[in-house]
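As a plain string of letters, each chain reads:
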Amino acid sequence: MELIDGNIVAKEIKEEIAAEAIKIRESRGRAPHLAAILVGHDGGSESYVNFKMKDCHEVGFESSLIRFEDDIQEKELFDAIEKLNSDPQVDGFIVQLPLPKHLDEQKVLEAINPAKDVDGFHPVNVGKMMTGLPSFVSATPLGITLLLKRYKIETSGKHCVVIGRSNIVGRPMSVLMSQKEMNSTVTVLHSGSKNIKEICASADILISAMGKPSFVTSDMVKEGAVIIDVGTTRVPSTQTKSGFKLAGDVDFENVAPKCSFITPVPGGVGPMTRLALLLNTLNAAKVLTQIKH
Ligand code: GUN
């Protein structure tokens, strides 16, 4: 069994991104720039956004955080999006989700200029990704494909089972795995699926994005399978200062001995998700640079 170390791969690729950021800064006078809009004070969202800003700093990108209170009116948010859409100093931006209930998330995502949509959530980017055109791909699926490639894991002709059909992870993941580049045969499991155990046990590559700790048990895993655990459920813990720890979807202790490769939680997919946003921002900056020169 080989552990897939997302921290190591993310560090390697971050060094490559930092080198490219220097080139971009030299050629057009400013580094790639990621902006984030954060509405409210949700603890999880605050820490995710702070990590994103810190990651930018580490690779030499500029970053901006635009904050609003929970009771922001729709118009004010749309004005802020419009300003970023047309700001030549900003290469890409995100609106951190979830948003307060009175705001229509889909409408907000669709207001973002697809050329700056580094989350890859705009329907234009989703549609381009579906048809195999160059596009921004949402961070977790993109990060997972990078991990599979860096570890030279054979995906062609393999049966890949994806658990979960969310717009952010499961569905785009299934599309990427079925495209020519990855060339897998894909099954998507969701809340309406039957025979989940049997289908998982037939997977050569099992990608779980369900959010249920220890859902994937050893009887659901084929000998020699590749296991990618996207789960990051916060569970109480007496061993950490914060009083909680992150739990994956996979019963790691019992599943790991059966696998050829497995991602740990934390330290597997998480660092690659963060990295993928930097990669999308770099690509946004490159496209804008090409337009200007
Ligand atoms: N909330 C949880 N994950 C994400 C993400 O990848 N992007 C944004 N914008 N919000 C999130």
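The present account deals with the structure reproduced in this document. Keep in mind that what you see is a predicted model, and the values were worked out from it rather than measured. Counting starts from 1 at the beginning of each chain's written sequence and moves along it residue by residue. Selection of residues for local features in this predicted model requires a pLDDT of at least 70, selection of side-chain atom pairs for listing and counting requires 80 or more, and totals for whole chains, interfaces and linings are taken over all residues. Values reported for side chains reflect all heavy atoms of the structure, with hydrogen atoms and water molecules removed beforehand.

1. Quick look at the nonpolar core
Quick note on the threshold: In plain words, nonpolar cores are sets of buried Ala, Val, Leu, Ile, Met, Phe, Trp, Tyr and Cys residues tied together by side-chain atoms within 4.5 Å. Exposure categories follow from relative accessible area, calculated using a 1.4 Å probe and restricted to protein chains: below 20% of the type maximum is buried, above 50% is exposed, and the middle band is partly exposed. Secondary structure elements follow DSSP: runs of H or I of four or more residues count as helices, runs of E of two or more count as strands, with numbering from the N terminus. The criterion used for residue contact is that any of the two residues' heavy atoms lie within 4.5 Å.
Within the largest apolar cluster, 52 residues are counted, with the highest numbers of intra-cluster contacts made by Ile17, Ile207 and Ile228. Of the residues forming this core, the biggest block, 10 residues, is contributed by helix α10 (residues 269–292). Setting aside residues up to four positions removed in sequence, Ile17 forms contacts with Val59, Phe61, Leu275, Leu278, Leu279 and Leu282. Core analysis: the second largest hydrophobic core is formed by 19 residues, Ile81, Leu103, Ile112 and Phe121 among them.

2. Concerning the packing of aromatic side chains
How we decide: Centres within 6.5 Å are what make two rings of Phe, Tyr or Trp a pair, Trp counting through its six-membered ring; a difference in plane orientation under 30 degrees is then read as stacked, over 60 as edge-to-face, and the rest as tilted.
Under the criterion given, the structure shown has one aromatic pair. Ring centres of Tyr151 and Phe261 lie 6.2 Å apart, and the angle between their planes is 75°; on these two criteria the pair is classed as edge-to-face. One end of the pair, Tyr151, is in the loop between α6 (139–150) and β5 (159–163); the other, Phe261, is in strand β11 (residues 261–262), and 110 residues separate them in sequence. The exposure classification of Tyr151 matches that of Phe261, with both residues buried.

3. Examining the environment of Asp104
For clarity, the cut-off: Polar contacts, as used here, are pairs of N or O atoms within 3.5 Å; protein pairs need one atom able to donate a hydrogen and one able to accept it. Residues neighboring in sequence count only if both atoms are side-chain atoms.
As for its position among the elements, Asp104 is in the loop between β4 (92–95) and α4 (105–111). Considering only alpha carbons, one finds Asp104 and Lys52, 52 residues apart in sequence, at a separation of 24 Å. Within polar-contact distance, the side chain of Asp104 engages the backbone nitrogen of Gln106 at 3.1 Å.

4. Describing the packing of helix α1 (residues 6–28) against α6
We apply this condition: Simply put, an axis is a line fit to the C-alpha atoms, just over the touching stretch for a helix, and the angle between two N-to-C directions goes from 0 to 180 degrees. For classification, angles of less than 35 degrees are called roughly parallel, those exceeding 145 degrees roughly antiparallel, those between 65 and 115 degrees roughly perpendicular, and all remaining angles oblique. Polarity classes work like this: nonpolar for Ala, Val, Leu, Ile, Met, Phe, Trp, Tyr, Cys and Pro, charged for Asp, Glu, Lys and Arg, and polar for all others, with Gly in that last group.
Where α1 contacts α6, the two axes come as close as 11 Å, and the packing angle between them is 100°. In terms of their interaxial angle, α1 and α6 are classed as roughly perpendicular. In this structure, α1 uses Gly6, Val9, Glu12, Ile13 and Glu16 to contact α6, whose residues at the interface are Leu146, Leu147 and Arg150. Class assignment for the residues of the contact of α1 with α6 results in four nonpolar, one polar and three charged.

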